[in-house]
Amino acid sequence: MDMAPRWSGGYGFQIRYESYGSDLTVNARDINASFFHKTYFLEGVYTWDRSARITLKLPYQIIEKSDSDIFSKNNSFGDLIIAVPLKKYNNYKSYTQNIGVTPQVKIPLDEKMTNVTGPFSGGVSLSYSSESFSFYQLYDIFSWFYNYKDPLLGLDINLGIHPYHDNATNKGLFVIWDATCRWENSYTIIQTGPAFMLYNQNIMMRAELKLPVIETGGKNKLSKGVYMNIGLGFVF
Amino acid sequence: MIKNSIYKLFLPVVLLVFINAQIIELNNKKVTILKDEVVIEVRGLVCSFCAVGLQGGLSSLHNVDKEKYNNGVLVDIEHHFAVIAEISGKDINIDEALTMITKSGYEVFTVYTNRSGEKVEVRNFEVNNN
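Treat the numbers as computed from the prediction; the structure is a model and nothing was measured. (Residues numbered from 1 in each chain as written. Chains lettered and ligands numbered in written order. Predicted model: local features only at pLDDT ≥ 70, side-chain atom pairs only at ≥ 80, totals over all residues. Heavy atoms only, no water.)

A. Seen up close, the overall build of chain B. The helix and strand inventory of chain B stands at three helices and seven strands. Tracing chain B from N to C terminus, the helices and strands come up as α-β-β-β-α-β-β-α-β-β. By residue count, 48% of the 130 residues in chain B fall in the buried class. Here the analysis covers contacts within chain B between residues at least 6 apart in sequence; of these, 57% occur between residues at least 24 apart. Summing over all exposed atoms, chain B offers an accessible surface of approximately 6,800 Å²; the carbon and sulfur share of this is 54%. (Helix = DSSP H or I, 4+ residues; strand = E, 2+ residues; numbered from the N terminus. Buried < 20%, exposed > 50% of the residue type's maximum accessible area, 1.4 Å probe, protein only. Contact = heavy atoms within 4.5 Å. Areas by Shrake-Rupley, 256 points an atom, 1.4 Å probe, with all protein chains shown as cover.)

If you want it as structure tokens, here you go:
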């Protein structure tokens, strides 16, 4: 699932929309301020062979902020993310698994973001995933290092079942439970919720919704609120 | 009742003889191999989205009968095998099929053919993960 395209010379792209934000603090207080972040992503992937691929993410973000009735809206390109997932696969009779190391860089395309995070950010992730016909699991620990900002540490866990698949048409459905933890400076968030992935031949649609179950930070820190993500991808 | 049982028991056998088919058991599934078909057991073939790449690669081989299945190839991810339909009287190149499966990110475990229509030929392969 996170493995496609795993064939040599395979490529794909995805359009994705994500949003989060809230007008309440992490302690659910109303301080007459809000922060809403909506992003449209154009993502691409190319696979040399199953052990090496490159991915690109180009975000276009809309940030709406208000503080004491002063409202601002900013539309801009976010940081271009280039990653090189390197995977070691093992195929068994009834399941496949891989461990992966992914070095990645963020290149700010907008001057305002360069001033916040610095001219260049680097990250790395370590992952393990396995998939059988009926079960899927992914564990991914990742970190980002910035020039002007504290580093971020994160953990993603996906546990999924495969309730429907039709061999004749290669259509089906995955249902996944997704949990994400992030730690940066004095801020911690754990979000969790369901994700649904529908596929039909080479077309995939994923929709997910996550709620913050633990969120701590400064007393005036605004909550990230409900996280929503929907994407449509194609592989060739 | 007796007539019904006769049909149930003997009709499939008669049909199999007529169309030169053989039956094998593969990962707890009975699979019928027609004379112009190749069945390949593939290790780790469980990922539905990845099956698209395998299917596309195998479809591109010479002498695949694209009128059958999905462009000539049926991928069963529940029982981990692929069926390739050949054009009648023309064989696919098995070695090319194996290369294509490796390029698709998998390893071949066993190849079953029924070239004569009377007997299943079996080839087993060593698996090298990388």
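B. How the structure looks around the pattern of salt bridges. With the rule as written, the count across this model stands at 15 salt bridges over all chains. A salt bridge links Lys210(A) to Asp178(A), with the nearest nitrogen and oxygen atoms 3.6 Å apart. Remark: Asp178(A) occurs in strand 11 (residues 171-184) and Lys210(A) occurs in strand 13 (residues 203-216); sequence separation between them is 32 residues. Assessed through its relative accessible area of 4%, Asp178(A) is described here as buried. One salt bridge connects Glu25(B) with Lys30(B), and the closest N-O pair in it is separated by 3.3 Å. Lys30(B) shares its class with Glu25(B); the two are exposed. Ionic contacts of the salt-bridge type, sharing partners, join the residues Asp178(A), Arg206(A), Glu208(A) and Lys210(A) into one network. (Salt bridge = Lys/Arg side-chain N within 4 Å of Asp/Glu carboxyl O.)

C. Seen up close, the interface of chain A and chain B. Taken residue by residue, the interface counts 32 residues in chain A and 28 residues in chain B. Here chain A packs against chain B, burying approximately 2,600 Å² in sum over the two surfaces, 55% of which is carbon and sulfur. Linking chain A with chain B are two salt bridges, by the criterion used here. Note that Glu41(B) is salt-bridged to Lys93(A), the shortest N-O span being 2.9 Å. Counting across the interface, chain A meets chain B through 14 residue pairs in polar contact (both at pLDDT 80 or more). For the side of chain A that touches chain B, the elements supplying multiple residues, two or more each, are strand 6 (86-91), strand 7 (95-108), strand 8 (121-132), strand 10 (152-166) and strand 13 of chain A. For the side of chain A that touches chain B, the class distribution of residues is 14 nonpolar, 13 polar and five charged. (Buried area = accessible area lost by both parts, 1.4 Å probe. Polar contact = N/O pair within 3.5 Å; in protein donor to acceptor, adjacent residues only side chain to side chain. Nonpolar A, V, L, I, M, F, W, Y, C, P; charged D, E, K, R; others polar.)

D. Representation of the sheet that holds strand 7 (residues 121-124) of chain B in the model. Residue and element names in this part refer to chain B. Pairing in this open sheet of five strands is antiparallel, and the strands run 4-5-3-6-7 from one edge to the other. A strand with exactly one partner marks an edge of an open sheet, and here the two such strands are strand 4 (73-76) and strand 7. Between one strand axis and the next, the sheet turns through 15° on average, direction left out of account. As defined by bridge partners, strand 4 adjoins strand 5 (residues 81-85) across four bridges and the pair is classed as antiparallel. Looking at the pairing, valine 73 lines up with isoleucine 84 of strand 5. (Pairing = 2+ DSSP bridges. Axes fitted to C-alpha atoms, helices over the stretch in contact; angles between N-to-C directions.)

E. Structural detail: the side chain of Thr96(A). In this fold, Thr96(A) is placed in strand 7. Taking relative accessible area as the criterion, Thr96(A) reaches 0% and is therefore assigned buried.

F. Here's a closer look at the environment of Leu109(A). Residue and element names in this part refer to chain A. Note on placement: leucine 109 falls in the loop between strand 7 and helix 1 (111-117). Its relative accessible area of 44% is what places leucine 109 among the partly exposed residues. Sequence-wise, leucine 109 and proline 59 are 50 residues apart; in three dimensions their C-alpha atoms are separated by 9.7 Å. When neighbours within four sequence positions are excluded, leucine 109 is seen to be in contact with Leu58, Phe77, Gly78, Asp79 and Leu80.

G. Region of interest: helix 3 (residues 94-103) of chain B. All names here are of chain B. Within helix 3 the residues assigned to the buried category are Ile94, Ala97, Leu98 and Ile101. In a view along the axis of helix 3, the buried residues occupy a sector of 100°, so they form one face of it. The inward-facing, buried residues of helix 3 abut strand 3 (37-43), helix 2 (48-59), strand 5, strand 6 (107-113) and strand 7. For helix 3, the N-terminal cap is asparagine 93; the gap from its side-chain oxygen to the backbone nitrogen of aspartate 95 is 2.9 Å. A positive phi of about 100° marks glycine 105, the residue just after helix 3. (Arc of directions from axis to C-beta.)

H. Representation of the nonpolar core. Ranked by size, the top nonpolar core spans 37 residues in total, and within it Ile40(B), Leu58(B), Val75(B), Ile84(B), Ile92(B), Ile101(B) and Tyr106(B) carry the most contacts. Sort the elements by how many residues they give to this core and helix 2 of chain B lands first, with five residues. Not counting residues up to four positions away in its chain, the partners in contact with Tyr106(B) are Arg6(A), Arg50(A), Asn91(A), Val42(B), Arg43(B), Gly44(B), Leu45(B), Cys47(B), Cys50(B), Ala51(B), Leu54(B) and Ile101(B). The next biggest cluster of nonpolar side chains, apart from the first, holds nine residues, and it includes Ile24(B), Leu26(B), Val31(B) and Phe81(B). (Core = buried A, V, L, I, M, F, W, Y, C linked by side-chain atoms within 4.5 Å.)

I. Highlighting helix 2 of chain B. Residue and element names in this part refer to chain B. With twelve residues, helix 2 should reach 16 Å at 1.5 Å per residue; the first-to-last C-alpha distance of 17 Å fits that figure. Among the twelve residues in helix 2, eleven count as buried, and that is most of the element. Within helix 2, burial applies to Ser48, Phe49, Cys50, Ala51, Val52, Gly53, Leu54, Gln55, Gly57, Leu58 and Ser59. (Expected span 1.5 Å × (residues − 1).)

That's the geometry; what it means functionally is another story.
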